[in-house]
Amino acid sequence: GGLRAASQMVSYEVTLGLTLVGCFMVYGTLLLDGMVQWQVDHVWGVFIQPLGFILFFFAAIAEMKRVPFDAPEGESEIVAGYFLEYSGFKFGMFMTGEFLEHIVSGSLIAVLFFGGYDVPFLHSDGFHFAEVIGYDIQLPHVVVVLIGWTLPRFRYDQIMQLCWKIILPLSLANILITGVVILMIQGG
């Protein structure tokens, strides 16, 4: 389990880092508050870097070892994966560390792609949706069920293949496309 966890961690950390490069190129800064301010002045990063957001999101889920990327823990095959030899307080500390990853990943996604503290249509006296849609959006039950749909777990070899053959090249392509668009905008 430890070997599977280490190899998965290395493969997705590379992609996680490369997806941030596109954001750094667009925002022109490495400071988180500068990235949020750019999004407040322009548009949320998810609209500028949609591929970067999708790749970062999947890499973050894999980094946290959650379904469908939970092969290192393999709870259905081995009792607790690589945590088998730990119990009590030590196990609790490992789990606390893993759940802190959720907080950090969620915070980074909010800052990098969803404008940090900026909430669109929110003014000091409340939300102003009337100019845009004029009514609430209701979803049919089928859509609600599809949103909560679960995914099967990938095998270890499928995870590695997905990372190295699909997600990593896509993150490199995202960097290339972002650079080309920035050069076209600056040059034109």
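Structure's up top.
Only a predicted model underlies this, so the values are computations on that prediction, with no experimental measurement involved.

A word on the packing of aromatic side chains
Pairs of aromatic rings are described using the distance from one ring centre to the other and the angle between the two planes.
Right, so step 1: For the structure on display, the rule yields seven aromatic pairs.
Right, so step 2: Taken together, a centroid distance of 5.5 Å and an interplanar angle of 90° make the contact between tryptophan 44 and phenylalanine 114 edge-to-face. Taken together, the residues tryptophan 44 in the loop between α2 (32-41) and α3 (45-48) and phenylalanine 114 in the loop between α5 (88-113) and β1 (122-123) connect sequence positions 70 residues apart.
Right, so step 3: For tryptophan 44, a relative accessible area of 19% puts it in the buried group.
Right, so step 4: Put simply, the rings of Trp44, Phe53, Phe56, Phe57, Phe58, Phe113 and Phe114 pair up and form one aromatic cluster.

Side note on a nonpolar patch on the surface
Right, so step 1: Side chains of Val10, Val14 and Trp164 sit close together on the surface and give an oily, nonpolar patch of about 250 Å² of accessible area.
Right, so step 2: Relative to the helices and strands, tryptophan 164 is located in helix α7 (residues 156-187).

Overview of the nonpolar core
Right, so step 1: Formed by 25 residues in total, the largest nonpolar core has its most connected members in Tyr12, Tyr27, Phe56, Phe69, Leu112 and Phe113.
Right, so step 2: When contributions to this core are tallied by element, the ones reaching two or more residues are α1 (2-27), α2, α4 (50-63), α5 and α7.
Right, so step 3: It is α4 that contributes the most residues to this core, seven residues altogether.
Right, so step 4: Beyond its immediate stretch of four places on either side in the chain, leucine 112 contacts Leu20, Tyr27, Met35, Gln39, Gly45 and Phe56.

Regarding α4
Right, so step 1: The end-to-end C-alpha distance of α4 is 20 Å, a good match for the 20 Å that 14 residues give at a rise of 1.5 Å each.
Right, so step 2: Those residues of α4 lying buried are Gly52, Phe53, Leu55, Phe56, Ala59, Ala60, Ile61, Ala62 and Glu63.
Right, so step 3: Directly after α4, the chain includes lysine 65, whose backbone phi takes a positive value near 55°.

Quick word on the environment of arginine 155
Right, so step 1: Counting through the fold element by element, arginine 155 comes out in the loop between α6 (141-147) and α7.
Right, so step 2: The partly exposed category is assigned to arginine 155, whose relative accessible area is 49%.
Right, so step 3: With 87 residues separating them along the chain, arginine 155 and proline 68 place their C-alpha atoms 8.9 Å apart.

Overview of the packing of α4 against α5
Right, so step 1: Packing of α4 against α5 brings their axes to within 10 Å, and their N-to-C directions diverge by 175°. What the angle tells us is that α4 and α5 run roughly antiparallel. Facing Gly52, Phe53, Phe56, Phe57, Ala60 and Glu63 of α4, the residues of α5 in contact are Glu101, Ser105, Leu108, Ile109, Leu112 and Phe113.

Some details on the side chain of glutamate 63
Right, so step 1: Tracing the sequence through the fold places glutamate 63 in helix α4.
Right, so step 2: Setting aside residues no more than four positions away along its own chain, glutamate 63 makes contact with Met9, Tyr12, Glu13 and Glu101.

Side note on the environment of isoleucine 167
Right, so step 1: Among the structural elements, isoleucine 167 can be located in helix α7.
Right, so step 2: Each C-alpha atom of the pair isoleucine 167 and phenylalanine 56 lies 9.5 Å from the other, and the pair is 111 residues apart in sequence.
Right, so step 3: Among residues more than four places away in sequence, those in contact with isoleucine 167 are Tyr12, Thr15, Leu55, Phe58 and Leu162.

Observations concerning the packing of α4 against α7
Right, so step 1: One can describe the packing of α4 onto α7 by two numbers: an axis separation of 10 Å at closest approach and a directional angle of 145°. Considering only the axes of α4 and α7, their crossing is left-handed. Contacts between α4 and α7 involve Leu51, Gly52, Leu55 and Phe58 from the first element and Ile167, Leu170, Ser171 and Asn174 from the second.
Right, so step 2: Partitioning the contact of α4 with α7 into residue classes produces five nonpolar, three polar and no charged.

Cut-offs applied
- Residues numbered from 1 in each chain as written.
- Predicted model: local features only at pLDDT ≥ 70, side-chain atom pairs only at ≥ 80, totals over all residues.
- Heavy atoms only, no water.
- Phe/Tyr/Trp six-rings, centres within 6.5 Å; stacked < 30°, edge-to-face > 60°.
- Helix = DSSP H or I, 4+ residues; strand = E, 2+ residues; numbered from the N terminus.
- Buried < 20%, exposed > 50% of the residue type's maximum accessible area, 1.4 Å probe, protein only.
- Patch = residues over 30% accessible without salt bridge, like charges linked within 9 Å, V, L, I, M, F, W, Y side chains within 5 Å.
- Areas by Shrake-Rupley, 256 points an atom, 1.4 Å probe, with all protein chains shown as cover.
- Salt bridge = Lys/Arg side-chain N within 4 Å of Asp/Glu carboxyl O.
- Core = buried A, V, L, I, M, F, W, Y, C linked by side-chain atoms within 4.5 Å.
- Contact = heavy atoms within 4.5 Å.
- Expected span 1.5 Å × (residues − 1).
- Axes fitted to C-alpha atoms, helices over the stretch in contact; angles between N-to-C directions.
- Parallel < 35°, antiparallel > 145°, perpendicular 65-115°, else oblique.
- Left-handed = near helix turned anticlockwise from the far one by under 90°.
- Nonpolar A, V, L, I, M, F, W, Y, C, P; charged D, E, K, R; others polar.

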